[in-house]
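Spelled out, the chains give:
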There are 2 protein chains.
Amino acid sequence: MSMPSSLLQRRAARLGPNVSTFYDTPLHILRGEGCWLWDADGRRYLDAYNNVPHVGHAHPRVVAAMSEQAAQLNTHSRYVHTGILDYLDRLTGLLGHGLDQAVMTCTGSEAMDVALRMAQAATGATGLIATDNTYHGNTSAVTALSTRRPPIGGRPPHVRLVPAPDALSGLDGDIFAAHVAEAATALQEEGFGVAALIVCPALANEGLPCPPAGFLQPAAAQVQKVGGLLIADEIQPGFGRLGSHWWGFEQQGLRPDIVCLGKPMGNGYPVAAAIGTAPVVSAFRTAFGYFNTFAASPVAAATATAVLDVLEEENLRQNAEATGAALLARMRSMHHPRIADTRGHGLFFAMEFQTQEGTPCPVTAKAVVEGLKARGVLAGAIGRQQHILKLRPPMVFGPAEADLLSTALQETLEALPDVP
Amino acid sequence: MSMPSSLLQRRAARLGPNVSTFYDTPLHILRGEGCWLWDADGRRYLDAYNNVPHVGHAHPRVVAAMSEQAAQLNTHSRYVHTGILDYLDRLTGLLGHGLDQAVMTCTGSEAMDVALRMAQAATGATGLIATDNTYHGNTSAVTALSTRRPPIGGRPPHVRLVPAPDALSGLDGDIFAAHVAEAATALQEEGFGVAALIVCPALANEGLPCPPAGFLQPAAAQVQKVGGLLIADEIQPGFGRLGSHWWGFEQQGLRPDIVCLGKPMGNGYPVAAAIGTAPVVSAFRTAFGYFNTFAASPVAAATATAVLDVLEEENLRQNAEATGAALLARMRSMHHPRIADTRGHGLFFAMEFQTQEGTPCPVTAKAVVEGLKARGVLAGAIGRQQHILKLRPPMVFGPAEADLLSTALQETLEALPDVP
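(A) Broad picture of the sheet that holds strand β12 (residues 349-353) of chain B. Residue and element names in this part refer to chain B. Read from one edge of the open sheet, four strands run β11-β12-β15-β14, paired in antiparallel fashion. Each of the sheet's edge strands pairs with one partner strand only, and the pair in question is β11 (339-344) and β14 (380-382). Pairwise comparison of adjacent strand axes, ignoring direction, gives a mean angle of 25° for this sheet. Pairing between β14 and strand β15 (residues 388-391): three bridges, direction antiparallel. Within β15, the residue paired with G380 across the bridge is K390. Most of the contacts of helix α11 (residues 316-332) go to β11, to which it runs at about 170°, and overall it touches β11, β12 and β15.

(B) How the structure looks around the relation of the copies chain A and chain B. With an RMSD of 0.0 Å, the fit of chain A onto chain B corresponds to turning through 180° and sliding 0.0 Å along the axis. With respect to symmetry, the two chain copies, as superposed, fit the operation of a two-fold axis. Using C-alpha coordinates, one finds that chain A approaches the rotation axis most closely at A:S67, a distance of 2.7 Å.

(C) How the structure looks around the pairing of β11(B). The pairing of β11(B) with β12(B) spans five bridges and is classified as antiparallel. Counterpart to B:G344 in the pairing with β12(B) is B:F349.

(D) Up close: the domain arrangement of chain A. All names here are of chain A. Domain annotation for chain A reports domain 1 (5-55 + 315-414) and domain 2 (60-313). Summarising the inter-unit geometry, the C-alpha centres of domain 1 and domain 2 are found 25 Å apart. Listed per partner, the contact involves 32 residues of domain 1 and 35 residues of domain 2. Together domain 1 and domain 2 conceal approximately 2700 Å² of surface at their shared face, both sides included; 55% is due to carbon and sulfur atoms. At the junction of domain 1 and domain 2, the tally comes to one salt bridge. The partner of R384 in a salt bridge is D132, and the shortest N-O contact between them spans 2.9 Å. At the boundary of domain 1 and domain 2, one finds 16 residue pairs in polar contact (both at pLDDT 80 or more). Going through the elements one at a time, α11 (316-332), β11 (339-344), β12 (349-353) and β15 (388-391) are the ones with two or more residues in the side of domain 1 that touches domain 2.

(E) Examining the environment of A:G170 more closely. Residue and element names in this part refer to chain A. The residue G170 is located in the loop between β6 (159-162) and α6 (173-189) in this model. For G170, a relative accessible area of 44% puts it in the partly exposed group. Between the alpha carbons of G170 and P209 there is a distance of 9.3 Å; along the sequence they are 39 residues apart.

(F) Fine view of the packing of aromatic side chains. Evaluated as defined, the whole model comprises 17 aromatic pairs over all chains. Judged by centre distance (5.9 Å) and plane angle (40°), the ring pair of B:W246 and B:W247 falls under tilted. Taken together, the aromatic side chains of A:F22, A:Y23, A:Y49 and B:Y79 make up a single cluster linked through ring pairs. The side chain of A:R78 reaches across the aromatic face of A:F291, ending 3.7 Å from its centre. The cationic tip of B:R392 hangs over the ring face of B:Y49; the distance from NZ or CZ to the ring centre is 4.6 Å.

Each value, and the rule that gives it
- Numbers given to residues run from 1 along each chain, matching the order in which its sequence is written.
- Written order decides the labels, with chains lettered from A and ligands numbered from 1.
- Totals for whole chains, interfaces and linings use every residue, but because this is a predicted model, local features are given only for residues with pLDDT of at least 70 and side-chain atom pairs only at 80 or more, for both listing and counting.
- Computation of side-chain values: all heavy atoms of the structure, hydrogens and water removed.
- By the convention used here, strands pair only if DSSP detects at least 2 bridges between them.
- Per the convention used, a helix needs a DSSP run of H or I reaching at least four residues, while a strand needs a run of E reaching at least two, with both numbered from the N terminus.
- Lines are fitted to the C-alpha atoms to define the axes, a helix being fitted only along its stretch in contact, and any angle between axes, read from their N-to-C directions, falls within 0 to 180 degrees.
- Between two residues, a contact is recorded if the distance between any of their heavy atoms is within 4.5 Å.
- Least-squares superposition of the copies uses the C-alpha atoms of those residues scoring a pLDDT of at least 70 in each of them.
- Domain start and end points were adopted from an automatic or database domain assignment.
- The term buried area refers to how much accessible surface (probe radius 1.4 Å) is lost by two components on association, counted for both of them together.
- We define a salt bridge as a contact between a side-chain nitrogen of Lys or Arg and a carboxyl oxygen of Asp or Glu at a distance within 4 Å.
- Pairing of N or O atoms within 3.5 Å defines a polar contact, subject to two protein rules: one partner must be a possible hydrogen donor and the other a possible acceptor, and residues neighboring in sequence count only if both atoms are side-chain atoms.
- Accessibility here uses a 1.4 Å probe with only protein chains present; expressed as a share of the type maximum, an area under 20% marks a residue as buried, one over 50% as exposed, and anything in between as partly exposed.
- For this analysis, a ring pair means two rings from Phe, Tyr or Trp (six-membered ring only for Trp) whose centres lie within 6.5 Å, classed as stacked if their planes differ by under 30 degrees, edge-to-face if by over 60, and tilted for the remaining angles.
- Any Lys NZ or Arg CZ found within 6 Å of a ring centre and within 35 degrees of that ring's normal is scored as a charge over the ring.

Here it is as structure tokens:
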């Protein structure tokens, strides 16, 4: 539990102020394996939070694929290499419905930045619609979609944010669609036109309301009716996280024009992609070309390929479905007056807390996150007021780990201080 | 020399149209080591172009550092890790003059995108000045500085491009500064104010005119006089490329407020940074926080640290200076009626070609690039009309490699078809 203050001082001196850490006493992690992390004191933590180590921390097969390729060659995509083509054949085969062409990038933020321009190039319009409680990335253009970090000089007028669906207020796809239609009309009237609706099919950053299948279809239809595209941000739900499906858009019955992939794609190696239909990618390539020095490299391809190999050979989507369902049932059996809702899909869970008056209760969420940490389990918080416990473990999280998590969560809830 | 057309068809099918390759017949590279690359037919090429494999392709020490760290841990910066702090202590020590704090990213484009916002957050102004023959990266915000890929809807009004210095027209720092001052005044009058001048101290993408020391000082002074910042794009000149100095800004006698680092930093691993003075980074962090999932990771730190180790232990800056000077002298002794100018700095060279009438001659530059390739040497072209031969080999390029390059270049020039 030691975290020398000198280490935090060094961090502030080199990285600047306001650089977030997790927990009251930040963790100093030195080693990872599977679902487990070890800190500098040798204490072991069950990782129930991190989705980047999708097939498990330091998976030997992924590390070997990366290392072997790096020892052979790692150069850019202006030379031809089959690694990225083989990978994309396989990946686009998993996506289906004409999502056939890719712009490879290094980060989900870059993929999203490209996706916005793909939509603008394909439609000739510039207007963008997103929810008012989201985050899609950190470039200048993409932060314009985020409520939390508005740009210097204010949000640009071609971005319209609509009320985010909320689990507790009831989920009505037609109401959400009506807001989207209103935003689309405004963008058309102001001369921007509608380039795209950008949405995570799991509404992950919106608090994971776990919308029923088809919830987003009316909104997508509103945008596509006026010539706008649908951009699915699959950075969190993609690659089997939801268990029942490989992609969030499948669960929602959507046919996005563009999907953005990131975090889990390389198990920590910086690789991401914006994948679209041929006409959409062609419009972007014709307008911009686009070259990304480090992307589409042989090492990125080898690493991402190994992730797919492990996902398939270890049946991790199926594990997410089975382990996730059993764990959700156990979580739903837990009771505490502060719990407003417990929900999940695959290996992605939310437990929402409210005060006695029915308002969001971030104090409880924080106490649960810290209580879990004290019991050796890593979790996080989401929601407009950070009042929702977020669990999103590596996909190798099995029944034994689910047991440990359940026990720790039950104990944490039982030991919660009395919160109004 | 085989490049099955099916491979190019697969590439177009998966990556879309207009995705550039090098050479009339693109190369299919399978292996790299030091300054050498091997294609699918086993043919060996001397790499006199790539700056990303800064300490040599597949350097075993860099590969080992990356692999060993990946096998231990690769998680994000919301946990504390000393790797990135140790690295930044060392890196900022090399930069000096208060460039003490870093925002780590995965790509140079992301670093530049951050740098623009750093300047805007620190100054409260939004206006940006760059040259009219440059490229600083590929995000939406950064492409606004590029002449070649204007954004959909046109260049935003807060960006002003000034005439790029040109080697053949004569290099007068006061004239360049006068253009910058004019742009600054216009931005002030239009209410944007001046956030920053963004410039590569070697003017690499402007055609590497090799400005004399101090050339950029008057322009920097004009911007700083009105409260704007100086952003040095060190993605190409940084890390010793120029031989005489670790950084391009040192050679120019500049004190930038922000430097952006990228390509060579991780020898191909996606790592980059925007490094600024404490007040500038603080302003950015206060306004934006900024979190980049894959950046500042233990693997990024380990890999970038190994690059510094090799640079220092193999004395590669010194090699760039000595080998570069000798090679430049040999290149300057070569004569051909199409050569307008031969110049260089460290291991960075330009040979500019013109027609009999004194206009840029891209046909000759292309013929030289293809002629070198036919002789087993990889080079590229830059310049407003791609009429300048660009040589920018890995930093392990020694006297033996310089000999091979010189011979191939001499033979190529002698064998050039008669170009008007």
